[in-house]
Amino acid sequence: MTGSERNGRTARDVDVLIVGAGPAGLAAGAELAAAGVDRVEILEREQQAGGVPRHCHHGGFGAPTGLLARARALARRSADGGGGGMDGPAYARQHVTAALSAGAALRTGVTVTGWAGPRTVDTTGPAGLERITARAVVLATGARERPRSARLIPGTRPAGVYTTGELQQAVHLYGQRIGTRAVVVGDEPVGYAAAGTLRAAGVEVVAVVTDRRASRLRPHGRSPLLTGATVTGLRGRPRLSGVELRHEDGRTTTLSCDTVVLSGDFVPDHELARRGGLVLDPGTRGPAYDAAFRTSRPGVFAAGNVLHAVERAGFAAEEGRAVAVPVLHRLLGTEEPGGRGPSLVVEAPLRWIAPNTAGPDGARPPGDRFLLRAARPLTLPVLAVTQDGRELHRQRSLPSSGPGRSLHLAAGWLDRVDPHGPAVRIAVL
Amino acid sequence: MTHTLTTAGPLPAQDPCDGYDVTVVGAGVVGAAIARELARYPLRIALVDAADDVGSGTSKANTAILHTGFDAVPGSLEARLVREGYALLADYAGETGIPLERVGALLVAWDGDQLATLPGLLDKAVRNGYHAARLIGADELRAREPRLGPGALGALEVPDESIICPWTTPLAYATQAVRAGVHLHLNCRVNSVDQGGDVHTLTTSRGPLRTRHVVNAAGLHADEIDRMLGNDVFTVTPRRGQLIVYDKLARDLVGHILLPVPGPGGKGVLVAPTVFGNVLLGPTAEELDDRTDTASTAEGLRLLREKGRRIVPRLVDEEVTAVYAGLRAATGQEDYRIQEYPALRYVAVGGIRSTGLTASLAIARHVVELLAATGLELTGPRDLPPLTMPGLGEASPRPYLSAALIAGDPAYGSIVCHCEQVTLGEIRDALASTIPPCSVDGLRRRTRARGGRCQGFHCGAAVRALVEEGTAANGDDEEAHR
Ligand SMILES: Cc1cc2nc3c(=O)[nH]c(=O)nc-3n(C[C@H](O)[C@H](O)[C@H](O)COP(=O)(O)OP(=O)(O)OC[C@H]3O[C@@H](n4cnc5c(N)ncnc54)[C@H](O)[C@@H]3O)c2cc1C
Ligand SMILES: Cc1cc2nc3c(=O)[nH]c(=O)nc-3n(C[C@H](O)[C@H](O)[C@H](O)COP(=O)(O)OP(=O)(O)OC[C@H]3O[C@@H](n4cnc5c(N)ncnc54)[C@H](O)[C@@H]3O)c2cc1C
C-alpha cells in the first residue's frame, strides 16, 4: 500500500473499499477476496465487526431462505423470534471469520466521515485521519429503526423510550437495567424479538401494539397482542408512566408502563450516500440502484439494508455476495458502459421497489426477482409493469404478511424495457 | 483552587453565621449570568437550582437566536437589555468558543398586508438603534433563499440576527462563576424564605441556607419566590412553544433565519438553522396553566408542519431528529419585571420572556447595579479567569477532524456517537469538567452525544454506560471532597 501525508491525513489506495462490516459488507469482502482481488478493505465504525446481528441474541440467523425451508422453520419456531439457524452473535462471528480467512482486511473503530472524490473517502480512527481512494466502493451501511421523534409521537420526553436496536445493545452488550413493565409498538418480527429481549431482561411485556387489524393477524409468541391501536402520546416525567392509544372505534386508553420499545419502521442509513450526491430512491430512501447494485455514480456500489430497510440478514449477505460480480467486472474493465436506465416507480398502495432502476444491460437481481413493499397488507395482488403505457408484465403475487414483509415480482421483463424510454411504472391492479 | 459544586446531602455548613453575601436562586441562563457577573467581586456567592443541572429549565428549550432587538418595543427595558446583551454575548462567544453563527434573518412577507407592514418594521428597527436592516424585493429574496415556498413577496433583511448554542451559554457562565469561587448547589429547591434582621434564611430541599442578599432568577417560578419575600406583584403564566428539529441533511435547504412578519397572534413560526447543523421549525404559542407542561401535542406538531410546508416545502419531507417544547414566562406585561427592593436586600428578575438568552449578560450587569442599590458592597472587581468551552458547533473545528488532536490522544479519534460524530475524548472531558453532567441528557447538552438522527439506536447503550461509569467516579470524588 502506498502512503503519503496531506493535511494530516494519510492518503492510501485500495482496490475495493467496503463501508460497513455487517452481513452485507462482510459477505462482499469475503467473496471479492476469495475471487483474488488483492486489496479488499472493509471499514467498520463500531469496535466490533458484525453489524446488527452482534446484538440479536435470538436464533433465526442464517436459516434457509427457500419457501419450503422457511415454512418448516416456522413450524419449529420457538416462542419468540426463533426459526432455526444460529443466534446473531454466532452469525456475525461466522461472517467475520469468512471475510478474514478469504484475505480481506477488516478495520474496526474506523468511521467513513465523508467524501473527497468520486471514489475517495475520508476516515477517522484512533490511529488518525485517512483519505482512501478505491477503484470500487461498496456502501453497506445498513439501516436503523426510526426513533420516537421521527415518528412524531407527541407527549412528554421521559426516560424509558427505546428502539429495538438500543434495547438489544443495552441488554445484551451492556447488561443495563431496563424497567419493569413494557409496551412494544410494532408487530413485525423485530417487535417480537424486542419482546423476547425484554423478557430476558426480566421486564414484563404488557402488550405488543399494532395499528393493523386483528383479522389479518396470527397470534405470535407469548405477548398479548393489541390490534387496531395507534400510539397517540407518551406520558410521564422524568420516567415514562404510560402509552396513550386510540383504538379503531375512536376509544382512547392509556397502558401504564415504564418502558416502551418502538420497533420496526426502518430507514436506511443513507447519510454517506446522500452526502456523496448519489441519487436516492424516493421510496426506499436508500441509494437508487440497478440489478447489478450500481448506484448513480460509476464505481460506487451498494448492498444490504442501506438499499431497502429492512430484509433478513441472510438476504443482506446474499446481496453482499452478489455485488462481488459487478465489482469484479469494474476492476477488470469489463463493466457494461455506465449511465442509468429508466427508474422503476411504484404507485400507491405500493411504497417501494428494489432494485429501482432498470440498468443498461439487462442484469437480473439476485433470485431473479424484485422486492416490493406495500403500505397495507394485500391479498393476492395482481401487479402490472408498464412503460409509456405499454404493458411489460403482469403477475399475481403471493400475499405479503404485512408492511414488514416484501412481495416479490419476477424480473423476466427487464430486457423488454426501453433503456431510453420514460420511467417504468409498477401498479396494483 | 477547589471548586464547590454540591448535588446531594445537606448544604455545607455556612460559616460565618451570616452565610453567603448573595444567593442567586435559579441557574438558568439568567441566574448563571448574574452569578458570573457577581463573581468579579470578593463576595461569598451561592447559585442554587432545584434541578440537577444548570440551564435545564426554559434555557435548554428555546429557538437559540441571538436577537439584535430590531423589533423590540422601543423604549422598554427589554429593548435596551436585548440590544446591549446582543453585543456582550457576541463578544463573549468569540472569547470562550460558544458556537455562534451570524447567518442573518429575513422577515418574509407572504401577502400584501404583510408586505405593507415591512416599512413600519424597518422604522421600528431604526428607533431601536438598529440601522443595518433593509427591504429586499421578491427576486433578491428568491436568489438568497431558493428553497422558499411559492408566493413570497419580499422581505426585511436583518443581517446581524445570529444563531447561538443555548446549552453552552449557561454552562459557560456557571463554569466561569464556579471557577471564580461561586458555590453551585444543585438539586436544591428553595421552599420558603424567612426574613431575619440582616440575614434571610432560605429553607431549601437540602436544608437551610443563610444569605444577606437574594436574587430571584427562578424563571417560571419567579413569582413564587417573589411572594416568599412578601411581594405580590406579578403572576407567571407559561406560554408553551413546541419545536421540531430536522435532520442535518436538511441544513442546505435554509440559509437564513426565516422569520414570519409578526401579526396579532404574536411572533409566529420561524425556520432557522441551528449551530449544530440542523434546521429548526417553531415555536407554537400556547397559553397554559401548568408550569411543567413541556409536552408536545399532535395538534401543535400538525400546525408546525403546515406552516413549515408553506415556508420551505421540502423541509417537512426530511427526517425529524427531535421534538421539544419550552415555556416562556409571561407576566401580562410586555416587558421584563426586574425590580430591586432595598429594604429586603432583594432583586426580582421576573418575566424574562422570549429574549432572555440574548439579554442574559446585560440583565446580569443591570441586576448587579441594582444589588449595589440594595446595599451590597461592590469593591475591588477583578477579571474573571479566561474560559474556553468545547467547540460544539458544526462550523467550529470538531475533534474528529483534527489530526493533531488525535495524534496527541487517540480518544479523539474514537467516535462514539456516529450521528453527531462525538468522540470518546470529548465525552471523557465533559465527565471530568468543572460542572460535570449527571445524566445522559446533561451529557448531550455538553457534547451532542446521543442527540442525533438515530436518537440512540446505535450509541444509546454505549453512551449510557459511559455516563454511569463517569457519574459513579464523580460521586466518589464528591465524597472525598467533603
Ligand atoms: C433489532 C433488529 C433485529 C433483527 N433480527 C433479525 C433476525 O432475527 N433475523 C434476521 O435474519 N435478520 C434480523 N434483522 C435484520 C438484520 O440484522 C439485517 O438484515 C442485517 O444486519 C443487514 O445487514 P447489513 O450489512 O445490510 O447492515 P448492518 O448489519 O446494519 O451493518 C451495517 C454496518 O455498517 C456500519 N457503518 C455504517 N456507516 C458506517 C460508516 N460511515 N463508516 C463505517 N462503518 C459504517 C455500521 O456500524 C454497521 O456495523 C434484525 C434487524 C434489527 C435492527
Ligand atoms: C420556545 C421559546 C423560544 C425562545 N427563543 C429565544 C431566542 O431565540 N432567543 C432568546 O434570546 N431567548 C429565547 N427564549 C427565551 C429564553 O429561553 C428565556 O428567556 C431564558 O431561557 C430564561 O432564562 P431564565 O434563567 O430566566 O429561566 P430558566 O432557564 O427557566 O431558569 C430558571 C431556573 O430556576 C430554577 N428554579 C425555579 N424555581 C426554583 C426554586 N424554588 N428553587 C430553586 N430553583 C428554582 C429552575 O429549576 C430553573 O433552572 C425562548 C423561550 C422559549 C420558551
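Refer to the structure printed above.
Rules used throughout
- Residues numbered from 1 in each chain as written.
- Chains lettered and ligands numbered in written order.
- Predicted model: local features only at pLDDT ≥ 70, side-chain atom pairs only at ≥ 80, totals over all residues.
- Heavy atoms only, no water.
- Pairing = 2+ DSSP bridges.
- Helix = DSSP H or I, 4+ residues; strand = E, 2+ residues; numbered from the N terminus.
- Axes fitted to C-alpha atoms, helices over the stretch in contact; angles between N-to-C directions.
- Expected span 1.5 Å × (residues − 1).
- Buried < 20%, exposed > 50% of the residue type's maximum accessible area, 1.4 Å probe, protein only.
- Contact = heavy atoms within 4.5 Å.
- 1 Å grid on protein atoms, 1.4 Å probe; cavity = no way out; pocket = protein on both sides within 12 Å on 5 of 7 lines; lining within 4 Å.
- Points joined across faces, edges and corners; volume = space filled by probe spheres on them.
- Nonpolar A, V, L, I, M, F, W, Y, C, P; charged D, E, K, R; others polar.
- Salt bridge = Lys/Arg side-chain N within 4 Å of Asp/Glu carboxyl O.
- Near = heavy atom within 4 Å.
- Polar contact = N/O pair within 3.5 Å; in protein donor to acceptor, adjacent residues only side chain to side chain.
- Areas by Shrake-Rupley, 256 points an atom, 1.4 Å probe, with all protein chains shown as cover.

Novice: How do you make sense of the sheet that holds strand β21 (residues 369-374) of chain A when you look at a structure like this?
Specialist: Residues and elements named next belong to chain A. Strand order in the open sheet made by the 3 strands is β20-β21-β24, with antiparallel pairing throughout. Every interior strand has two partners, whereas the edge strands, β20 (350-354) and β24 (407-410), have only one. Put simply, the sheet's adjacent strands are angled 30° from each other on average, direction ignored. As paired strands, β21 and β24 are joined by 4 bridges and run antiparallel to one another.

Novice: Looking at this model, I keep getting lost on helix α7 (residues 313-332) of chain A. Mind explaining?
Specialist: All names here are of chain A. An ideal rise of 1.5 Å per residue puts 28 Å on 20 residues; α7 measures up with 29 Å between its terminal C-alpha atoms. Taken residue by residue, α7 has Ala313, Gly314, Phe315, Ala316, Ala317, Glu319, Gly320, Val323, Ala324, Pro326, Val327 and Leu331 as its buried positions. Looking at the packing, one finds that the buried side of α7 touches β2 (9-19), α1 (23-34), α3 (88-102), β7 (128-139), β18 (300-302) and β21. In the segment just after α7, Gly333 is the residue with positive phi, at about 75°.

Novice: Mind showing me how you'd approach empty space enclosed by the protein here?
Specialist: Any empty space left between atoms is shown by rolling a water-sized probe over those atoms. Enumeration over the complete set of coordinates arrives at 3 cavities of 30 Å³ or more. As a volume, the largest cavity reaches approximately 60 Å³. Lining the largest cavity are B:Asp53, B:Val54, B:Gly55, B:Trp167, B:Pro170, B:Leu171, B:Arg445 and B:Arg446. Within the residue set of the lining of the largest cavity, elements represented by two or more residues are α5 (168-179) and α11 (440-447) of chain B. A breakdown of the residues in the lining of the largest cavity according to their chemical character gives 4 nonpolar, 1 polar and 3 charged. One number sums up the size of the second largest cavity: a volume of about 50 Å³. Considering the residues around the second largest cavity, the lining is formed by A:Tyr289, A:Phe293, A:Phe315, A:Glu319, A:Ala354, A:Pro355, A:Pro365, A:Pro366, A:Arg369 and A:Leu371.

Novice: How should the pattern of salt bridges be read in this particular structure?
Specialist: If the charged atoms of two oppositely charged side chains come close together, the side chains can form a pair. Residues and elements named next belong to chain B. Summed over all chains, the structure comprises 61 salt bridges over all chains. Measuring nitrogen to oxygen at the nearest pair gives 3.1 Å for the salt bridge that ties Arg40 to Glu37. We classify Glu37 as buried; its relative accessible area is 9%. Between Asp53 and Arg446 there is a salt bridge whose closest N-O contact spans 2.7 Å. You can see Asp53 sitting in the loop between β3 (45-48) and β4 (65-66) and its partner Arg446 sitting in helix α11, a full 393 residues away along the chain. Arg446 matches Asp53 in its accessibility class, with the two residues each being buried. Each of the salt bridges in this network shares a partner with another, and the network as a whole consists of Asp223, Glu224, Arg227, Asp232 and Arg291.

Novice: Before we go on, may I ask you to explain the site of ligand 2 in this structure?
Specialist: Residue and element names in this part refer to chain B. Around ligand 2, the surrounding shell holds 37 residues, and the nearest of these are Asp49, Ser59, Thr63, Ile65 and Thr358. Within the contact set of ligand 2, an oxygen atom lies 3.2 Å away from a backbone nitrogen or oxygen of Leu357. Protein burial of ligand 2: of its 1,000 Å² of free accessible surface, 95% is covered by the chains. Elements represented by at least two residues in the shell around ligand 2 include exactly α1 (29-38), β19 (320-330) and α8 (356-373). Partitioned by chemical class, the residues of the shell around ligand 2 number 16 nonpolar, 17 polar and 4 charged.

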